[in-house]
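The primary structure of each chain is shown beneath.
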Amino acid sequence: MVSIRNLVKKYDAIPVLRGLNMNISRGDVYGFLGRNGSGKTTTMNIITNIIPKDSGEILLGDGQPVTVGYLPESPVIYGYMTAKEYLEYIAYCCRYSGDVDKRVNEVLDIVGLSASRNMRAKTFSRGMTQRLGMGAAIIGNPELLLFDEPTSALDPQGRAEVIEIINRLKSTGATIILSTHILHDVERVANKIGIMNNGVIAEEGAISELLKKYSASRITLHIRDLTHENKLKLLAVDFAAAAFDPNSGMFAFSADDLDECTTRLLRMLADEQIMPSDISIGTASLEEVYRKVVG
C-alpha cells in the first residue's frame with residue numbers, strides 16, 4: 001500500500017528526512033515510532049501532499065489513485081457545527097459519491113458519537129473531539145488512514161475508546177499508519193512497526209520479529225532459604241545471561257529460546273529439589289526494543 005524510497009526533506013537547509021525508506025502492506029496497522037522532531041509528522045504531511053518533498057519516491061497502492069484519510073495530532077473542528085453537520089460538510093468536501101446521510105450515520109456509530117450527533121462541537125471533550133476528527137478521516141471510505149498521535153493528551157478512558165475505534169477499522173481490512181509515543185497502544189493494535197532515528201527508518205518489521213531480534217526471553221525466580229551451593233549451581237546453568245539479586249532473592253535468566261530455557265531450568269530445579277516461591281516467564285517489551293534502536 002505504501003512504498004517510500006530515499007525520501008528527503010529539509011527545512012531551511014536543516015535535514016529532517018535523510019533518505020527515508022518505508023514499506024507498508026495492504027491491511028497493515030503500522031506503528032510509526034520515534035522521538036519528538038524525528039520526522040514522523042513531516043513524513044505524514046508529505047504522504048498526504050500537505051507539504052512537498054525535496055526528493056525521493058512515494059508509491060501508494062499499485063500506482064492507481066489511492067484515497068487517504070488523515071487525522072492530525074490536534075484536529076481543528078468548526079465549533080458551531082454539530083457532529084452530524086460537520087461530517088456532512090466533510091463528506092461533501094471530499095465529494096463522497098454515496099448516500100451521505102447513511103454514511104454519516106455509519107461513521108457516527110463507528111466513532112461512538114451517535115448519541116451526540118446534534119451536540120455542537122464546541123461543547124465536546126478532548127476525547128469526543130478526537131473521535132469526531134477520526135470520523136472526518138474515515139468518512140470517505142479511504143483505503144489508507146494516517147493517525148498522528150490520536151491518543152495524545154487523552155485520559156485512560158479516552159485512549160481506550162480511540163484504540164477500540166482503530167481495532168474496529170483494523171477488522172475491516174483498513175491500512176493504517178499510527179504515529180504515537182504510547183508504546184502500549186501500539187502493542188494493542190499494530191502488527192508492524194517502523195522506528196525513526198536520525199531522519200531514517202532505523203528498524204522496521206513485524207513486532208513479533210523485532211521482539212525476538214532485540215530481546216531475549218526471560219524467566220525470573222524468587223527463592224527463599226537458598227543455599228550457597230544451589231545459588232552457584234543456578235548461576236552456572238548455560239543461559240544467555242543469569243543474575244542474582246541478594247536483597248530480593250530473585251534470579252533472572254535470559255535465553256534466545258524461551259521454551260528450551262524453561263524446560264532446562266525446571267528440570268534442574270526438580271533435580272536439585274529447589275522450590276521457588278514464584279516463577280515469572282515472559283519476553284521483553286516493545287519499549288526495550290525502542291530504546292535499543294534509538295539509544
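Below or above, wherever it landed, is the structure these notes cover. Here the structure is a predicted model, which is why all the values come from computation and not from measurement.

1. So, the pairing of strand S9 (residues 200–206)
Relative to S9, strand S8 (residues 192–197) runs antiparallel, the two being bridged by 6 bridges. Opposite Asn197, over in S9, you have Val200 as the bridge partner. Hairpin remark: S8 followed by S9, antiparallel, with 2 residues in the connecting loop; positive phi at Asn198, about 55°.

2. Digging into the nonpolar core
Leu132, Phe147, Ile166 and Leu169 are the most contacted members of the largest nonpolar core, which totals 51 residues. The contacts of Ile166, once residues within four sequence positions are left out, are Met134, Phe147, Pro150, Ile176, Leu178 and Val189. Grouped together as the second largest cluster of nonpolar side chains are 22 residues, Leu7, Phe32, Ile46 and Ile201 included.

3. Description of helix H4 (residues 126–138)
Between the first and last C-alpha of H4 there are 19 Å, a value that for 13 residues agrees with the 18 Å anticipated at 1.5 Å per step. Most of H4 sits inside the fold, with 12 of its 13 residues counted as buried. By the burial criterion, the buried members of H4 are Gly127, Met128, Thr129, Gln130, Arg131, Leu132, Gly133, Met134, Gly135, Ala136, Ala137 and Ile138. Looking at the buried positions of H4, the neighbouring elements they touch are strand S5 (68–71), helix H2 (83–93), helix H3 (100–110), strand S6 (144–148) and helix H5 (156–171).

4. Section: the sheet that holds strand S1 (residues 2–11)
Sheet architecture is open: 3 strands sit in the order S2-S1-S4, paired in antiparallel fashion. Since the sheet does not close on itself, it has two edges, and those belong to strand S2 (14–24) and strand S4 (55–60), each with one partner. Strand after strand, the sheet turns through a mean of 20° between neighbouring axes, direction not considered. Two strands pair when backbone bridges link them, and S1 and S4 are joined in this way by 5 bridges, in the antiparallel orientation. Looking across to S4, one finds that Ser3 is bridged to Leu59. Most of the contacts of helix H1 (residues 40–47) go to S1, to which it runs at about 115°, and overall it touches S1, S2 and S4.

5. Observations regarding the pairing of strand S7 (residues 175–179)
Where a strand is regular, its side chains alternate between the two sheet faces. Within S7, 5 of the 5 residues are buried, which leaves the element mostly enclosed by the surrounding structure. Note that strand S3 (residues 29–33) and S7 share 4 bridges and pair parallel. When the sheet's bridge partners are listed, Tyr30 is paired in S7 with Ile177. As judged from the 5 bridges shared by S6 and S7, these two strands associate in the parallel manner. Across the sheet, residue Asp148 finds its bridge partner in S7, namely Ser179. Between the parallel pair S6 and S7, the chain is carried across by H5, and the sense of this crossover is right-handed.

6. Notes on the packing of aromatic side chains
Considering all chains together, one arrives at 3 aromatic pairs under this definition. When the ring of Tyr30 is compared with that of Phe32, the centres are 6.2 Å apart and the planes differ by 55°; the resulting orientation is tilted. Here Tyr30 matches Phe32 in class, with each residue buried. Plain terms: the ring middles of Tyr78 and Tyr80 are 6.0 Å apart, the flat faces sit at 35° to each other, and that makes the pair tilted. Of the residues examined, Tyr78 reaches a relative accessible area of 40% and is grouped as partly exposed. Each residue in the set Tyr78, Tyr80 and Tyr89 is aromatic and connected to the rest through ring pairs, giving one cluster.

Rules behind the numbers
- Residues numbered from 1 in each chain as written.
- Predicted model: local features only at pLDDT ≥ 70, side-chain atom pairs only at ≥ 80, totals over all residues.
- Heavy atoms only, no water.
- Pairing = 2+ DSSP bridges.
- Helix = DSSP H or I, 4+ residues; strand = E, 2+ residues; numbered from the N terminus.
- Core = buried A, V, L, I, M, F, W, Y, C linked by side-chain atoms within 4.5 Å.
- Buried < 20%, exposed > 50% of the residue type's maximum accessible area, 1.4 Å probe, protein only.
- Contact = heavy atoms within 4.5 Å.
- Expected span 1.5 Å × (residues − 1).
- Axes fitted to C-alpha atoms, helices over the stretch in contact; angles between N-to-C directions.
- Right-handed = clockwise from strand over helix to strand, strands pointing away.
- Phe/Tyr/Trp six-rings, centres within 6.5 Å; stacked < 30°, edge-to-face > 60°.

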